[in-house]
Amino acid sequence: MATLCYNVSMIEISNDHEVKFLMRGNQLNHNLLTLSQAADTLSVKVSTLRKWVLLRKITYCKPGGRVVRIPASEITRLQETTMVPRLEA
C-alpha cells in the first residue's frame, strides 16, 4: 500500500542526512529515508526499491513531484518480516 504525504510545512535534515518532514494538522512526523539510504539499510539495490515502489509492495511517500522517500517504519517492518529465527539446539 502506498502512502502519499501532503501538506508538508517544513523539512528537517539532520547531520546524518536523515530527512524528517514535519506535517501540518494532526498528522504525525515521519522519518523518511532516500531510496539510496533505504537500499543501504536493507542491503538491496536502489533499482529493487524502485521496482517495489512501482509494484506498490512497500509504503512510500512522494513529498513533492518525483521525489520518493521511504518511511523508517517501513524499513523496520521489512527487516522484521524477513528475519529467520535461529534453531534451538
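Above this text sits the structure in question.
Described in the following lines is the structure provided in the data block. (Residues numbered from 1 in each chain as written. Predicted model: local features only at pLDDT ≥ 70, side-chain atom pairs only at ≥ 80, totals over all residues. Heavy atoms only, no water.)

**Some remarks on the packing of helix H1 (residues 35-42) against helix H3 (residues 72-81)**
So the rule is basically this: In this analysis an axis means a line fitted to C-alpha atoms, helices contributing only their contacting stretch, and an angle means the value between N-to-C directions, from 0 to 180 degrees. The secondary structure listing takes helices from DSSP runs of H or I that are at least 4 residues long and strands from runs of E that are at least 2 residues long, numbered from the N terminus. If an angle is under 35 degrees, it is roughly parallel; if it is over 145, roughly antiparallel; if it lies from 65 to 115, roughly perpendicular; otherwise it is oblique. Each crossing is labelled by how the near helix is turned from the far one, with a counterclockwise turn of less than a right angle marking it left-handed and a clockwise turn marking it right-handed. Residues count as neighbours in contact if any of their non-hydrogen atoms are within 4.5 Å of one another.
Where H1 meets H3, the axes come as close as 11 Å, and the angle between the chain directions of the two elements is 20°. The orientation of H1 with respect to H3, classified from their angle, is roughly parallel. Like other packed secondary-structure pairs, H1 and H3 cross with a definite hand, here right-handed. Of the residues in H3, those in contact with Ala38, Thr41 and Leu42 of H1 are Ile75, Leu78 and Gln79.

**Considering the pattern of salt bridges**
The criterion, for reference: Here, a salt bridge means any side-chain nitrogen of Lys or Arg that lies within 4 Å of a carboxyl oxygen of Asp or Glu. Working definition: with a 1.4 Å probe on protein chains only, accessible area under 20% of the residue-type maximum means buried, over 50% means exposed, and in between means partly exposed.
Under the defined criterion, the tally for this structure stands at one salt bridge. The shortest N-O distance in the salt bridge between Glu74 and Arg77 comes to 2.7 Å. Taken as a pair, Glu74 and Arg77 lie in helix H3 at a separation of three residues, close to a single helical turn. For Glu74, a relative accessible area of 6% puts it in the buried group. Note on Arg77: relative accessible area 36%, which makes it partly exposed.

**Some words on a positive patch on the surface**
Put simply, the test is: Each patch groups residues whose relative accessible area exceeds 30% and which form no salt bridge, using 9 Å between like charges and 5 Å between nonpolar side chains of Val, Leu, Ile, Met, Phe, Trp and Tyr. Only the protein chains shown count as cover for residues, and all accessible areas are computed by the Shrake-Rupley method using a 1.4 Å probe. Counted as positive: Lys and Arg. Counted as negative: Asp and Glu, with His and the chain ends omitted from the count. Positions of charges follow a simple convention, taking NZ of Lys, CZ of Arg, CG of Asp or CD of Glu.
On the surface, Arg50, Arg56, Lys62 and Arg66 cluster together into a positively charged patch. Looking at the element boundaries, Arg56 is found in the loop between helix H2 (46-54) and strand E4 (61-64).

**Some details on the nonpolar core**
Test applied: Side-chain atoms within 4.5 Å are what join buried Ala, Val, Leu, Ile, Met, Phe, Trp, Tyr and Cys residues into a set we call a nonpolar core.
In terms of nonpolar packing, the biggest core is built from 13 residues, with Ala38, Leu49, Val53, Ile58, Val68, Ile70 and Ile75 touching the most fellow members. Every element with two or more residues in this core is listed here: H1, H2, strand E5 (67-71) and H3. A total of four residues in this core trace back to one element, the largest contributor, which is H1.

**Quick look at the environment of Leu32**
In this structure, Leu32 sits in strand E3 (residues 30-33). Spatially, the C-alpha atoms of Leu32 and Tyr60 are 8.8 Å apart, while their sequence positions differ by 28 residues.

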